[in-house]
Amino acid sequence: MVLKSLEGKIKYDDSEESEGTDGNEARHEACSSLSQNWTELLKALNSFVENPIENSKTKCESTGLIKKMNRLEMCILVSFWNDILERFNSTSKKLQTIEIDLTIVINLYTSLINYVTDLRNTFSHYEKLAMEKSEIKEYKVVRKKKRKIPYDESCQGDTSFEARESFKINTYFVIIDSLLSELRKRKSCYDDINTMFGFFSNMIDLPVIEVRKKATKLQSQYPEDLDGSFINECIHFHGYLKSLPGIVSPKSILELCKIIEDHNIADVYPYVDIALRMYLCCPVSNTSAERSFSVLKRVKSYLRSSMNDNRLNNLAILNIECEITKSISYNEVIEDFAAQKSHRKI
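Residues numbered from 1 in each chain as written. Predicted model: local features only at pLDDT ≥ 70, side-chain atom pairs only at ≥ 80, totals over all residues. Heavy atoms only, no water.

Draft legend 1. Representation of helix H5 (residues 72-95) within the structure. Between its first and last C-alpha, H5 extends 35 Å over 24 residues, near the 34 Å set by a 1.5 Å rise per residue. Among the 24 residues that make up H5, 18 are buried, leaving the element largely enclosed by the rest of the structure. (Helix = DSSP H or I, 4+ residues; strand = E, 2+ residues; numbered from the N terminus. Expected span 1.5 Å × (residues − 1). Buried < 20%, exposed > 50% of the residue type's maximum accessible area, 1.4 Å probe, protein only.)

Draft legend 2. Fine view of the packing of H5 against helix H7 (residues 123-134). At a minimum axis distance of 8 Å, the contact between H5 and H7 shows a crossing angle of 120°. Judged on the interaxial angle alone, H7 and H5 are oblique. As for how H5 packs across H7, the hand of that crossing is right-handed. Residues Leu72, Cys75, Ile76, Ser79, Phe80 and Asp83 of H5 lie in contact with H7, whose contacting residues are Phe123, Tyr126, Glu127, Ala130, Met131, Lys133 and Ser134. For the contact of H5 with H7, the per-class residue count stands at eight nonpolar, two polar and three charged. (Axes fitted to C-alpha atoms, helices over the stretch in contact; angles between N-to-C directions. Parallel < 35°, antiparallel > 145°, perpendicular 65-115°, else oblique. Left-handed = near helix turned anticlockwise from the far one by under 90°. Contact = heavy atoms within 4.5 Å. Nonpolar A, V, L, I, M, F, W, Y, C, P; charged D, E, K, R; others polar.)

Draft legend 3. Spotlight on the environment of Ser33. If you trace the backbone, Ser33 turns up in helix H2 (residues 21-36). Note: C-alpha distance between Ser33 and Asn82 (49 residues apart in sequence) is 9.2 Å.

Draft legend 4. Layout of the packing of aromatic side chains. Using the criterion set out here, one finds 15 aromatic pairs in the structure. Pairing Phe80 with Tyr126 gives two aromatic rings, centres 5.6 Å apart and planes at 80°, and the pair type is edge-to-face. Of this pair, Phe80 sits in helix H5 while Tyr126 sits in helix H7, and the two are 46 residues apart along the sequence. With respect to class, Phe80 is no different from Tyr126; both count as buried. Ring geometry for Phe123 versus Phe167: centroids 6.1 Å apart, planes at 50°, classification tilted. With Phe123 in helix H7 and Phe167 in helix H8 (residues 163-197), this pair connects stretches of sequence that are 44 residues apart. When its relative accessible area of 2% is taken as the criterion, Phe123 is described as buried. Here the aromatic cluster, defined as three or more aromatic residues joined through ring pairs, consists of Phe80, Trp81, Phe123, Tyr126, Tyr139, Phe167, Tyr172 and Phe173. (Phe/Tyr/Trp six-rings, centres within 6.5 Å; stacked < 30°, edge-to-face > 60°.)

Right, here's the structure in full:
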């Protein structure tokens, strides 16, 4: 069920962060469906419980899900995660496009950090939405745990919160702080890459002194791959770009690579070509295939554990090359297959 698949995500597990954008999209669809069909799902679960034909296991699971949904905290988290996953899913799709520039990536991460930070002040908004949707006005009273006090201490300094404040501080703020920590950590990685390779995207607009400075820093990071002549090549390539008639500042490093290939000048700027290809091979700029590979977890599930590697590889290729797959005429394929496997006598 949708609610059961979302239950683990609502508790926020950092270990699931590496599953890729396809996982984020699946969670967003599940959370959005749950948020939009809250009342209908409750009716469906109640029908399972009241149906005498259903087995005891289904009734027990439905009863447990009903108890979770009949809590104000659950409804708040569903509305909260629905908004977050919707923004994260849209941003992740943009981040995984091939043509995107590192500067835009950093700006998108910064916007997400600002967005999540602003959510700290919107708890009352989600609380109001949850009360209107679930028609529940009270939080679940959590039994206070008694702390064992040593003989040389006292409990006078202990602070106890009400159910609302306890949920807000121990759950709502914890989720936001965890998200901010992960976003800042990932943004810092993009900042490091942009510091080294970012000057290529606006090289034509930079002065020669700045190009020399940036090229020297990049060459010092990869001395075994980039020769000392790389700095002079960058300055020469800077002049080449300016000499092209009607040249417009390239929007991405991929366009610079295409210029070198289309003009057949890779032998003139060999180390510039190497530097550009190094960047294009970095995971931060080449993650569009991640959506295809993240599907493999669902394709190769325990229900299809007997699938051999050959079939799995073929399915992966069909998914990765989806544009070619959609253009294939399946009627011709079926006719050819039927003709080869036909056992009818002529």
